[in-house]
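Topology and contacts: notes
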Amino acid sequence: VQLVESGGGLVQPGGSLRLSCAASGFTFSSYAMRWYRQDPGKERELVAGISSAGGTRNYGDSVKGRFTISRDNAKNTAYLQMNSLKPEDTAVYYCNVFLGMHFYWGQGTQVTVSS
């Protein structure tokens, strides 16, 4: 199982970023995917989740209405569209899949929201 995040960077408050998570080593279309984030000194926080077919999505309270999770099962890729970014969104963002009784994580991508 391999998860590779990309798309992070430095953005001004109010700006947007789109994160991608390229998956391999498992049948991507059969598993729910999740995005988490973690800032140093804080616990890892669930940002969003999406069901295997994409029909069910859920979001953390702090990102509802601003972030959108999606997936393209033909490309084995999950996405996180982040709009109206705030300084408190600054964190390392990780994608995650739970399969075979294990949680698998990518290496993370840094998102920094600052003027």
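Below is a summary of the structure that appears in this document.

So, how was this worked out
- Residues numbered from 1 in each chain as written.
- Predicted model: local features only at pLDDT ≥ 70, side-chain atom pairs only at ≥ 80, totals over all residues.
- Heavy atoms only, no water.
- Pairing = 2+ DSSP bridges.
- Helix = DSSP H or I, 4+ residues; strand = E, 2+ residues; numbered from the N terminus.
- Axes fitted to C-alpha atoms, helices over the stretch in contact; angles between N-to-C directions.
- Salt bridge = Lys/Arg side-chain N within 4 Å of Asp/Glu carboxyl O.
- Buried < 20%, exposed > 50% of the residue type's maximum accessible area, 1.4 Å probe, protein only.

A word on the sheet that holds strand S7 (residues 67-72)
On the basis of which strands lie adjacent, the open sheet formed by 4 strands has the order S1-S3-S8-S7 and antiparallel pairing. At either end of the open sheet lies a strand with only one pairing partner, and these are strand S1 (2-6) and S7. The average angle at which neighbouring strand axes cross in this sheet is 15°, direction not considered. As judged from the 6 bridges shared by strand S3 (residues 17-24) and strand S8 (residues 77-82), these two strands associate in the antiparallel manner. Across the sheet, the residue bridging to serine 20 is tyrosine 79, located in S8.

Examining the pattern of salt bridges
Applying the stated criterion across every chain yields a total of 4 salt bridges. A salt bridge links arginine 37 to aspartate 89, with the shortest nitrogen-to-oxygen separation between them at 2.9 Å. Note that arginine 37 is positioned in strand S4 (residues 33-38) and aspartate 89 in the loop between S8 and strand S9 (91-99), a separation of 52 residues in sequence. Both residues of the pair, arginine 37 and aspartate 89, belong to the buried class. Put simply, aspartate 89 and arginine 66 hold a salt bridge, and the shortest N to O gap is 2.7 Å. Taken together, the residues aspartate 89 in the loop between S8 and S9 and arginine 66 in the loop between strand S6 (57-59) and S7 connect sequence positions 23 residues apart. One exposure class covers both aspartate 89 and arginine 66, and it is buried.

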